[in-house]
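Analysis of the macromolecular model
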Amino acid sequence: MTLLDVRGLSASYGKVQALFDCSFSVGDGEFVALLGANGAGKTTMLRALSGIARSSGTISFDGQRLDARPPEERLRLGIAHVPQGRGTFAEFTVDENLSLGAITLSDAAQVRRDKERWYQTFPRLRERRNRLAGNLSGGEQQMLAVARALMSRPKLLMCDEPSLGLAPAITAEIFEIFKDLHKRHRMTLLVVEQNADLTLQFADTAFVIETGHIVATSPAHEMLHNQDIQKSYLGV
Amino acid sequence: MNSRSLPTFIKVGAAAIALIAPVFLPDFLLFEVCIALSYSIAVLGLNLLMGFAGQICLAQGALFGFGAYVTAYLNAEFGLSPYWTLPAAAVLTAAAGLAVGLPALRLQGLQLAIITFGIAAAFPQALLKFDWLTGGVSGLPIDSLETPAPFAGRPELWLYLVTVACAGVAVLLVSLVLFGDTGRTLRAQRDNAQIAEALGVNLTKVRLWAFGISSALAGLGGGVFAILNGFISPQSFLAAVSINIVIASIVGGTTTITGAFIGGLFIVFVPTWTSDINLALGNVIYGLALIGVMMISGNGVVGLVKKLVCGMLQTTSGNVPSLKSIQGRKQWIALRK
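Notes on the structure in this doc start here. (Residues numbered from 1 in each chain as written. Chains lettered and ligands numbered in written order. Predicted model: local features only at pLDDT ≥ 70, side-chain atom pairs only at ≥ 80, totals over all residues. Heavy atoms only, no water.)

Structural notes on a nonpolar patch on the surface
Judged by side-chain polarity, B:Leu281, B:Val284, B:Leu288, B:Ile291 and B:Met295 come together as a nonpolar surface patch covering roughly 530 Å² of accessible area. With respect to the helices, strands and loops of the structure, B:Ile291 is situated in helix 13 (residues 282-296). (Patch = residues over 30% accessible without salt bridge, like charges linked within 9 Å, V, L, I, M, F, W, Y side chains within 5 Å. Areas by Shrake-Rupley, 256 points an atom, 1.4 Å probe, with all protein chains shown as cover. Salt bridge = Lys/Arg side-chain N within 4 Å of Asp/Glu carboxyl O. Helix = DSSP H or I, 4+ residues; strand = E, 2+ residues; numbered from the N terminus.)

Dropping the structure here:
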């Protein structure tokens, strides 16, 4: 079943167009990688989907049209966005950051239960729940950003360059968590990455985006072994 | 004495002094304190808007004046008791604030500052222009409050209590807004608007709410100011008042509630004291005092006190503020700054 269906999506910043007529779909429970070089339009794609960047074209999500809706409503419908560079609030504690993730929800008891649930998935965050987020390591902040996004009870979790500035071992740990979310919690994931090799090992499907166009789509394991794509677009 | 009880101890002490001291203060001084409190209510609103929501507004003095005129007009024209004009002043000023805020909030930072300052600059002129409504240069009178029998001998004391009650309502309102999710949302959109938006914060709505509440408090403060004076004219609401309110906010500490009161007292008393020192050099000394406060403590007087309290605790007992308490965290933040 298709969860997200994007048709003819274009986006621009003023006169500079960043996405050209992109179409793709993401199935329910699928782990999708969005790959591409610097400036290809990956971040813009996520921003257009979450409604922070303006776009034209149609976006259908879970049977509903999203394109005219503001970010807040899209989040309520189940699209969570972990922005690039994490963006945890430095002067808030870990626990407060998680509370911020749930501001679209009103059931306090449910929010508390959700917190406990994600503290189980991210035990490091539980240990540091009363620390200021600004005092966490980069990897912990990334985990916090992901957990915070999960607090909104999304159907689709979009994560922008989770590996940015992290040591390979920590990056691998984050991807193990994605795998766990995907397999155990049946979460649909859309992950933007420059680290193609690692991402392709975990994802089901991969899209390659270049200068605002989607130029390749294939199952992740095929792309992992496709020398042409790797050479032409991913610079491996 | 642990790190948590000291600030509470200070607050309780200050509240006790606030309640007992007026009995012994001379009438004129008590009146000045009341005026300072009326400004403090507007400053408190600005702290919410500028300190917690991160929106610079230089029209707080104009909104303060708007509230004062609502009070005076309702009293002079419709004979409404001054008591009842206060909630009306708050509500109508909130509406006026929203009318300003709705278009202005499309802009941010310095642009918003300039637009709101334009309003502050135009306000006294507009008061003169609409003289059929505002009385023009001659201003509007306000009936004095009906004083209950026990205070008949000293109506100033009753005025003081009414002013304190209004300030209390303002503190309660701001505390409620800052408590829990709403407060977090405000601070989150201030610290990083884009991320907050990604988390589902409706930026326009949150900022408008902050603007509305801040304006309501400006209006309430203005209403109190009008009642205290018994007479208002455009002369009391020049653009400088808006700047003074911003100064009060910054001197006290923009992200504090206590700071609003310190700031209010500062802008009323310090200029008088400095001109007492030397009439000709009054403004110079006042200016130096402002520079001094900012150099000693970037986060206002309250920030400075926190820093000192924190330092004292560390040197006397080696007690490092606990990050588990909110107070302890505030101290850490104050220390880092």
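Here the narrative resumes, following the displayed structure.
A word on the pattern of salt bridges
All names here are of chain A. Under the definition given, this model contains 18 salt bridges over all chains. The residue Asp5 makes a salt bridge to Arg7 at a minimum N-O spacing of 2.9 Å. Its relative accessible area of 40% is what places Arg7 among the partly exposed residues. A salt bridge links Glu140 to Arg124, with the nearest nitrogen and oxygen atoms 3.4 Å apart. (Buried < 20%, exposed > 50% of the residue type's maximum accessible area, 1.4 Å probe, protein only.)

Brief notes about helix 7 (residues 155-178) of chain B
Residue and element names in this part refer to chain B. With 24 residues, helix 7 should reach 34 Å at 1.5 Å per residue; the first-to-last C-alpha distance of 35 Å fits that figure. Restricting attention to buried positions, one finds in helix 7 the residues Leu157, Trp158, Leu159, Tyr160, Val162, Thr163, Cys166, Ala167, Ala170, Val174, Val177 and Leu178. Positive phi appears at Gly180, one or two residues downstream of helix 7, with a value of about 70°. (Expected span 1.5 Å × (residues − 1).)

Focus on the packing of aromatic side chains
All names here are of chain B. Under the defined criterion, the tally for this structure stands at 16 aromatic pairs over all chains. Ring geometry for Tyr39 against Phe225: centres 5.7 Å apart, planes inclined by 50°, an arrangement best described as tilted. Taken together, the positions of Tyr39 in helix 2 (residues 27-52) and Phe225 in helix 10 (residues 203-229) put the pair 186 residues apart, joining distant regions of the chain. Exposure class is identical for Tyr39 and Phe225. Each is buried. Geometrically, the ring pair formed by Tyr73 and Phe78 is edge-to-face, given 6.0 Å between the ring centres and 80° between the ring planes. Tyr73 sits in the partly exposed class, given a relative accessible area of 24%. Here the aromatic residues Tyr39, Phe64, Tyr69, Phe225 and Phe237 are joined through ring pairs into a cluster of three or more. (Phe/Tyr/Trp six-rings, centres within 6.5 Å; stacked < 30°, edge-to-face > 60°.)

Examining the environment of B:Val23
All names here are of chain B. Residue placement: Val23 occurs in helix 1 (residues 5-24). For Val23, a relative accessible area of 47% puts it in the partly exposed group. Each C-alpha atom of the pair Val23 and Trp273 lies 23 Å from the other, and the pair is 250 residues apart in sequence.

Re unusual backbone geometry
Residue and element names in this part refer to chain A. Backbone geometry at Arg153 places phi at a positive 55°, although glycine is not the residue there. In this fold, Arg153 is placed in the loop between helix 6 (138-150) and strand 7 (156-160). Phi angles above zero are rare outside glycine, and Thr211 is one such case at about 35°. With respect to the element layout, Thr211 can be found in the loop between strand 9 (205-210) and strand 10 (213-219).

Focus: the environment of B:Leu48
All names here are of chain B. Relative to the assigned elements, Leu48 resides in helix 2. By relative accessible area, which is 0% here, Leu48 ends up buried. Separated by 166 residues in the primary sequence, Leu48 and Ser214 have C-alpha atoms spaced 6.6 Å apart. Excluding its chain neighbours within four sequence positions, the residues that come into contact with Leu48 are Ala53, Val174, Val177, Leu178, Leu186, Ala210 and Ile213. (Contact = heavy atoms within 4.5 Å.)

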